[in-house]
Amino acid sequence: MTKAATYEIDVVKSKVSKIATVDFENLVFGRTFTDHMFYCDYVDGKWQQPKIVPYGPMSFEPSARVFHYGQAVFEGMKAYKDDDGRVFLFRPEENHARINKSAARLAIPEFPKEYFFEGLTTLVDLDKEWIQPGKGNSLYIRPFVIATEPAISASPASTYRFMIICSPAKAYYTGGVKVLFAEKYSRSANGGVGFAKAAGNYAAQFYPTALAQNKGFQQIIWTDASTHEYLEEAGTMNIFFRINDTLLTAPTSDRILDGVTRKSVIQLAKDSNVKVEVRPVSVKEIKQAAKDGSLKEIFGAGTAAVISPISAFEHGGDVFELELTNDSYAAFFKEKMLNIQHNLADDPYGWRYEI
Ligand code: COI
């Protein structure tokens, strides 16, 4: 799918590109940013003229509400380049819909679709030299909105800034990820903001995740806050379990992010005749399956993480190792997904969006 330009953006190009200084073979996720960024301010009840400017620091008053109350939401998406230099996004309408869903929950005004798409496509086109071809390479795109009003009463802001920044990326995780199943801390609760990409959802995981890391585990698979009996998501990705040949994943809810990679895996699985059960998945059944050998694999699915196999999990002092094999569902769906994203396979779903 290709869309025509619909909106004029003020563009100030960077005088010198930083690209020659970048070691694309040794990128650390989220540390390197392209030459330009997009922004648009919300003032007097409406979104103003969108702009693209050289990437760099911006100034905000210390009283800007985002610093005090975390009124901020974001998205994660990627652009890919094929071997002919054509550039594609993956299901960008989903990210636009979700950032507005997240925004609504945080009392942030919705960002118009035409600004989102025009900003995104103009920015990615301007910085397309930063996208390396080849599977495993991408441009990670981070749209986000922050409350900028300089006021510290605890109420929604009257001014906001919507921005998009871009970062060339390789793998988020390398090798298998070791996880803990949450037993004490919680990520989200009924009626809360777990479904939203609210900045605070991620900050709230840093402390328990650091405790897990001290024990040798990289991530936590969060369980439901009321009983800790059901497995929900890992903070950077949704989670799938394979018992024998059936895939299980938790249903989305107001506690769980409606991941674009998650829904794409479910679609690909159904179309590959892999049985998928979208239903609550209990800690008990996964431990039992690990003991009796029917648990074949666990993998995470997310934009940054793509599809990342889990190599071990811990719960209640029991540690279970999972063998990582090349004929896994994780490897199969990752390959299918990357082939669509990099224009190496047919896209019967219309997921690719050419820039
Ligand atoms: C993404 O996958 O895009 C995310 O937002 C996860 C992020 C914490 C890196």
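Each remark here, short or long, concerns the structure printed above.
Keep in mind that what you see is a predicted model, and the values were worked out from it rather than measured.

The helix and strand tally for the protein chain stands at seven helices and 20 strands. The C-alpha radius of gyration computed for the protein chain amounts to 21 Å, which stays within 12% of the reference 20 Å derived for 355 residues, consistent with globular compactness. Considering only C-alpha atoms, the protein chain reaches an extent of 60 × 55 × 35 Å along its principal axes. For the protein chain, buried positions account for 53% of its 355 residues.

Before going further, it helps to examine the site of the ligand. If you check the shell around the ligand, you find Phe-74, Gly-76, Tyr-140, Arg-142, Tyr-172, Lys-197, Tyr-202, Thr-236, Thr-303 and Ala-304 and nothing else. Within the contact set of the ligand, an oxygen atom lies 2.7 Å away from a side-chain nitrogen or oxygen of Lys-197. A distance of 2.8 Å separates an oxygen atom of the ligand from a polar backbone atom of Ala-304. Look at the ligand: alone it shows 280 Å² of surface, and the protein chains cover 90% of it.

Time to look at the pattern of salt bridges. All chains considered together, the criterion is met by 18 salt bridges. For Glu-75, the salt bridge goes to Arg-98, with nearest N and O atoms at 2.7 Å. Placement of Glu-75 in the loop between strand S5 (72-74) and strand S6 (77-81) and of Arg-98 in helix H2 (residues 92-105) is noted, with a sequence separation of 23 residues between them. Taking the relative accessible area as the measure of exposure, Glu-75 reaches 0% and is therefore buried. One salt bridge connects Asp-318 with Lys-287, and the closest N-O pair in it is separated by 3.0 Å. Residue Asp-318 is located in strand S19 (residues 318-321), and its partner Lys-287 is located in helix H6 (residues 283-292); the two are separated by 31 residues in the primary sequence.

This part takes up the packing of helix H5 (residues 260-271) against helix H7 (residues 329-341). Their axes nearest at 10 Å, the elements H5 and H7 cross at an angle of 105°. The angle between the axes of H5 and H7 places the two elements in the roughly perpendicular class. Taken together, the residues of H7 that come into contact with H5 (itself represented by Thr-261, Ser-264, Val-265, Leu-268 and Ala-269) are Phe-333, Lys-336, Met-337 and Ile-340. Its residues placed into classes, the contact of H5 with H7 shows six nonpolar, two polar and one charged.

With that out of the way, let us pick up the side chain of Ser-188. Looking at the secondary structure, you find Ser-188 in the loop between strand S10 (177-181) and helix H4 (199-214). Accessibility expressed as a relative area gives 9% for Ser-188, which makes it buried. In terms of polar contacts, Ser-188 uses its side chain to reach the backbone carbonyl oxygen of Arg-255, at 2.9 Å. What Ser-188 contacts, discounting residues up to four positions off in sequence, is Gly-194, Ala-225, Glu-232 and Arg-255.

So, about the side chain of Arg-187. When you line up the elements, Arg-187 lands in the loop between S10 and H4. The class of Arg-187 is buried, set by a relative accessible area of 8%. A distance of 3.1 Å separates a polar side-chain atom of Arg-187 from the backbone oxygen of Gly-194. Polar contacts involving the side chain of Arg-187 include one to the side chain of Glu-233, which spans 3.2 Å.

Right, let's get into the nonpolar core. With 53 residues, the main nonpolar core has Phe-38, Trp-47, Ile-141 and Phe-162 as its most contacted residues. Both domains that furnish three or more residues to this core are identified here as domain 1 (10-170) and domain 2 (177-341). Those residues in contact with Ile-141, other than ones at most four positions away along the chain, are Glu-75, Gly-76, Met-77, Lys-78, Ala-79, Leu-89, Leu-120, Val-124, Ile-164, Ile-165 and Cys-166. Among the nonpolar cores identified, the runner-up in size contains 23 residues, and Leu-231, Ile-239, Ala-305 and Phe-320 belong to it.

A few words on unusual backbone geometry. In the Ramachandran plot, Arg-91 falls in the positive-phi region, its phi being about 50° despite a non-glycine side chain. Inspection of the secondary structure puts Arg-91 in the loop between strand S7 (87-90) and H2. You will see that Asn-343, though not glycine, has its phi angle at about 60°, which is positive. Looking at where Asn-343 falls in the secondary structure, it is placed in the loop between H7 and strand S20 (352-354). Among the residues examined, Asn-343 registers a relative accessible area of 24% and is labelled partly exposed.

Turning our eyes to something else, we now look at H7. Taking 1.5 Å of rise per residue, 13 residues should cover 18 Å, and H7 covers 18 Å from first to last C-alpha, within 8% of that figure. The first or second residue beyond H7 is Asn-343, which carries a positive phi of 60°.

What follows concerns the packing of aromatic side chains. Tallied over the full model, the rule gives 25 aromatic pairs. Both rings, one in Tyr-329 and one in Phe-333, keep their centres 5.9 Å apart while their planes meet at 65°; by these two values the pair is edge-to-face. Here the residue Tyr-329 and the residue Phe-333 both occupy positions in helix H7, the gap between them amounting to four residues, near one helical turn. Residue class for Phe-333 comes out buried when judged on its relative accessible area of 0%. Following the ring pairs from residue to residue traces out a cluster consisting of Phe-38, Tyr-42, Trp-47, Phe-111, Tyr-115, Phe-116, Phe-117, Tyr-160, Phe-162 and Tyr-353. Above the plane of the ring of Phe-217 lies Lys-178, whose end atom (NZ or CZ) is 5.6 Å from the centre. Sitting over the face of the ring of Phe-88, Arg-352 holds its NZ or CZ atom 5.7 Å from the ring centroid.

Rules of the game
- Residues numbered from 1 in each chain as written.
- Predicted model: local features only at pLDDT ≥ 70, side-chain atom pairs only at ≥ 80, totals over all residues.
- Heavy atoms only, no water.
- Helix = DSSP H or I, 4+ residues; strand = E, 2+ residues; numbered from the N terminus.
- Rg over C-alpha atoms; globule rule 2.2 N^0.38 Å.
- Buried < 20%, exposed > 50% of the residue type's maximum accessible area, 1.4 Å probe, protein only.
- Near = heavy atom within 4 Å.
- Polar contact = N/O pair within 3.5 Å; in protein donor to acceptor, adjacent residues only side chain to side chain.
- Areas by Shrake-Rupley, 256 points an atom, 1.4 Å probe, with all protein chains shown as cover.
- Salt bridge = Lys/Arg side-chain N within 4 Å of Asp/Glu carboxyl O.
- Axes fitted to C-alpha atoms, helices over the stretch in contact; angles between N-to-C directions.
- Parallel < 35°, antiparallel > 145°, perpendicular 65-115°, else oblique.
- Contact = heavy atoms within 4.5 Å.
- Nonpolar A, V, L, I, M, F, W, Y, C, P; charged D, E, K, R; others polar.
- Core = buried A, V, L, I, M, F, W, Y, C linked by side-chain atoms within 4.5 Å.
- Domains from an automatic or database assignment.
- Expected span 1.5 Å × (residues − 1).
- Phe/Tyr/Trp six-rings, centres within 6.5 Å; stacked < 30°, edge-to-face > 60°.
- Lys NZ or Arg CZ within 6 Å of the ring centre and 35° of its normal.

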